[in-house]
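# Breakdown of the fold
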Amino acid sequence: MVDSTVHTLSAIFAIMSGTGAGLLALFFWRVLRESPFGTVIALLSVTMTATILYHVFLFVVEPDTILFNTLRSALYTIVAIFLWLVIATHQQIKNSAVEG
């Protein structure tokens, strides 16, 4: 556990700014829910949340624990799924533009 005031303030700031960004992304997604771009925004908010949690746990938990390694693997998996779905959404938009 890190006892530094700077680390504590950084973790609090990361949680607050990440929550604000996640809420704004969810509000934007509600507007564009039916479009493929809305799907990308929803996935981006999930990815942002996972990244913020990862960095907060990086400050709080010792870096060489099993929990930290599991969180890192989960984050990389979420980022890979996000990138795959962004590419699939791009292909879907491209195909609908060619057909339309």
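Here's a quick rundown of the structure. (Residues numbered from 1 in each chain as written. Predicted model: local features only at pLDDT ≥ 70, side-chain atom pairs only at ≥ 80, totals over all residues. Heavy atoms only, no water.)

## Topic: the overall build of the chain
Rules: Secondary structure follows DSSP: runs of H or I at least 4 residues long count as helices, runs of E at least 2 residues long count as strands, and numbering of each begins at the N terminus. Computation of the radius of gyration draws on C-alpha atoms alone. For the globule rule, the value is 2.2 Å times the number of residues to the power 0.38. Partly exposed residues are those whose accessible area sits between 20% and 50% of the maximum for their type, while under 20% is buried and over 50% is exposed, using a 1.4 Å probe and protein chains only.
Scanning the chain for helices and strands turns up three helices and zero strands. The N-to-C order of helical and strand elements in the chain reads α-α-α. Expected size for 100 residues packed as a compact globule is a radius of gyration near 13 Å; at 17 Å, the chain overshoots this value by more than 25%. Dimensions along the principal axes, computed over C-alpha positions, put the chain at roughly 60 × 25 × 15 Å. With 100 residues in all, the chain has 18% of them scored as buried.

## Observations regarding the packing of helix H1 (residues 5-31) against helix H2 (residues 36-60)
Test applied: Helix axes are fitted only over the stretch in contact, all axes being lines through C-alpha atoms; the angle between N-to-C directions runs from 0 to 180 degrees. Angle categories are assigned with fixed cut-offs, so that under 35 degrees is roughly parallel, over 145 is roughly antiparallel, 65 to 115 is roughly perpendicular, and the rest are oblique. The contact rule is simple, with two residues in contact once any of their heavy atoms fall within 4.5 Å.
With their axes 9 Å apart at the nearest point, H1 and H2 run at an angle of 170 degrees to one another. With respect to their mutual orientation, H1 and H2 come out roughly antiparallel. Packed against H1, whose contacting residues are His7, Ser10, Ala11, Ala14, Ile15, Gly18, Ala21, Gly22, Ala25, Leu26, Phe28 and Trp29, the element H2 presents Phe37, Gly38, Thr39, Ile41, Ala42, Ser45, Met48, Ile52, Val56 and Phe59 at the interface.

## Focus on the side chain of Thr89
Put simply, the rule is: Polar contact is the term for a pair of N or O atoms within 3.5 Å; when the atoms are in protein, one must be able to donate a hydrogen and the other to accept it, and sequence-neighboring residues count only if both atoms are side-chain atoms.
For Thr89, the location among the structural elements is in helix H3 (residues 66-99). Of note is the side chain of Thr89, whose polar atom sits 2.7 Å from the backbone oxygen of Leu85. In this structure, Thr89 is in contact with Pro36, Phe37 and Val40, ignoring residues within four places of it in sequence.

## Describing H3
To be explicit about the condition: Helices are assigned an expected span. That span is 1.5 Å times one less than the residue count.
Spanning 34 residues, H3 covers 49 Å between terminal C-alpha atoms, matching the ideal 50 Å at 1.5 Å per step. Check the buried side of H3 and you find it contacts H2.

## Things to note about H1
Over its 27 residues, H1 runs 39 Å from end to end, which matches the ideal 39 Å to within 8%, given 1.5 Å per residue. Of all the residues in H1, the buried ones are Ala11, Gly18, Gly22 and Ala25.

## Considerations on the packing of H2 against H3
Inclusion rule: Two helices cross in a left-handed way if the nearer one is turned anticlockwise from the farther one by less than a right angle. They cross in a right-handed way if the turn is clockwise. Ten residues, namely Ala, Val, Leu, Ile, Met, Phe, Trp, Tyr, Cys and Pro, are considered nonpolar, four, namely Asp, Glu, Lys and Arg, are considered charged, and the remaining ones, Gly among them, are considered polar.
It is at 10 Å that the axes of H2 and H3 come closest, and there the two elements cross at 165 degrees. The angle between H2 and H3 places the two elements in the roughly antiparallel class. Relative to H3, H2 is oriented so that their crossing is left-handed. Across from Pro36, Phe37, Val40, Leu43, Leu44, Val46, Thr47, Ala50, Thr51, Tyr54, Phe57 and Leu58 in H2, the residues of H3 making contact are Phe68, Leu71, Arg72, Leu75, Ile78, Val79, Phe82, Leu85, Val86, Thr89, Gln92 and Ile93. For the contact of H2 with H3, the per-class residue count stands at 19 nonpolar, four polar and one charged.

## Some thoughts on the environment of Leu32
By secondary structure assignment, the location of Leu32 is in the loop between H1 and H2. With a relative accessible area of 25%, Leu32 lands in the partly exposed category. Through-space distance from the C-alpha of Leu32 to that of Ala42 is 9.7 Å; in sequence the pair is ten residues apart. In contact with Leu32, other than residues within four places in its own chain, are Phe37 and Gly38.

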